[in-house]
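Secondary and tertiary structure notes
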Amino acid sequence: MELKVLCGVFCLFFLLCAPMVGLAAPTGTAKLPGVSDPMLQAGFWIDRTPNAQQVILTPAQINVFNHSISTAMPQTVVELDRFPD
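Numbering of residues starts from 1 in every chain and runs along the sequence as written. Where local features are concerned, this predicted model is filtered to residues with pLDDT of at least 70; where side-chain atom pairs are given and counted, the filter is 80 or more; whole-chain, interface and lining totals use all residues. Processing note: side-chain calculations cover all non-hydrogen atoms of the structure and skip hydrogens and water entirely.

Focus: the overall build of the chain
Broken down by element type, the chain carries three helices and zero strands. Helix and strand definitions follow DSSP, with helices as H or I runs of at least four residues and strands as E runs of at least two, each counted in order from the N terminus. Secondary structure elements of the chain occur, N-terminal to C-terminal, as α-α-α. Think of it in three bands: residues with accessible area under 20% of the maximum for their type are buried, residues over 50% are exposed, and the middle band is partly exposed, with areas taken using a 1.4 Å probe on protein chains only. Taken over 85 residues, the chain has a buried fraction of 15%. Counted over contacts in the chain with a minimum sequence separation of 6, partners at least 24 positions apart contribute 44%. Areas reported here follow the Shrake-Rupley algorithm with a probe of radius 1.4 Å; residue values treat only the protein chains shown as occluding. Accessible surface, the chain: about 6,700 Å² in total, of which carbon and sulfur atoms supply 68%. Residues are treated as being in contact if the distance between any of their heavy atoms lies within 4.5 Å.

Have a look at this one:
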C-alpha cells in the first residue's frame with residue numbers, strides 16, 4: 001500500500017514539476033513570467049543545490065511522509081489500490 005501512495009505522490013510531483021525540468025515545456029515554448037530557458041533544464045537546479053546527491057529521507061521516513069500527505073489531502077492524493085476502476 002505504501003508503494004502505491006509513493007507512486008501517487010511521485011506522479012503528482014512529476015505533473016507539478018515537469019515544466020520546470022523541461023519535460024512538459026520544450027525550450028522556446030510559453031512559460032511562466034521570469035522563467036528563462038536554462039531554468040527548464042534539471043541541471044540548472046541541480047547545479048545550484050548544495051549536496052544535490054545527499055539522501056534526504058530514508059525509506060521509512062518516506063513512508064511516514066507519504067502517509068501524512070494522503071491523510072492531510074485525501075481529495076488530492078489517493079491510494080491507487082482504492083482508486084475507482
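Regarding the packing of aromatic side chains
Pairing of aromatic rings covers Phe, Tyr and the six-membered ring of Trp, with a centre-to-centre limit of 6.5 Å; geometry is then stacked below 30 degrees between planes, edge-to-face above 60, and tilted otherwise. Counting across every chain of the model gives one aromatic pair. Charge over a ring is defined by NZ of Lys or CZ of Arg lying within 6 Å of the ring centre and within 35 degrees of the ring normal. In this structure, Arg48 is placed above the aromatic ring of Phe44, and the distance from its NZ or CZ to the ring centre is 3.6 Å.

Comments concerning a nonpolar patch on the surface
Exposure above 30% relative accessible area and the absence of a salt bridge qualify a residue for a patch, where like charges join within 9 Å and nonpolar side chains (Val, Leu, Ile, Met, Phe, Trp, Tyr) within 5 Å. Throughout this description, the term salt bridge denotes a Lys or Arg side-chain nitrogen within 4 Å of a carboxyl oxygen of Asp or Glu. Among the surface-exposed residues, Ile56, Leu57 and Phe65 lie close enough to one another that they form a single nonpolar patch of about 320 Å² accessible area. Mapped onto the elements of the fold, Leu57 is located in the loop between α2 (42–46) and α3 (59–72).

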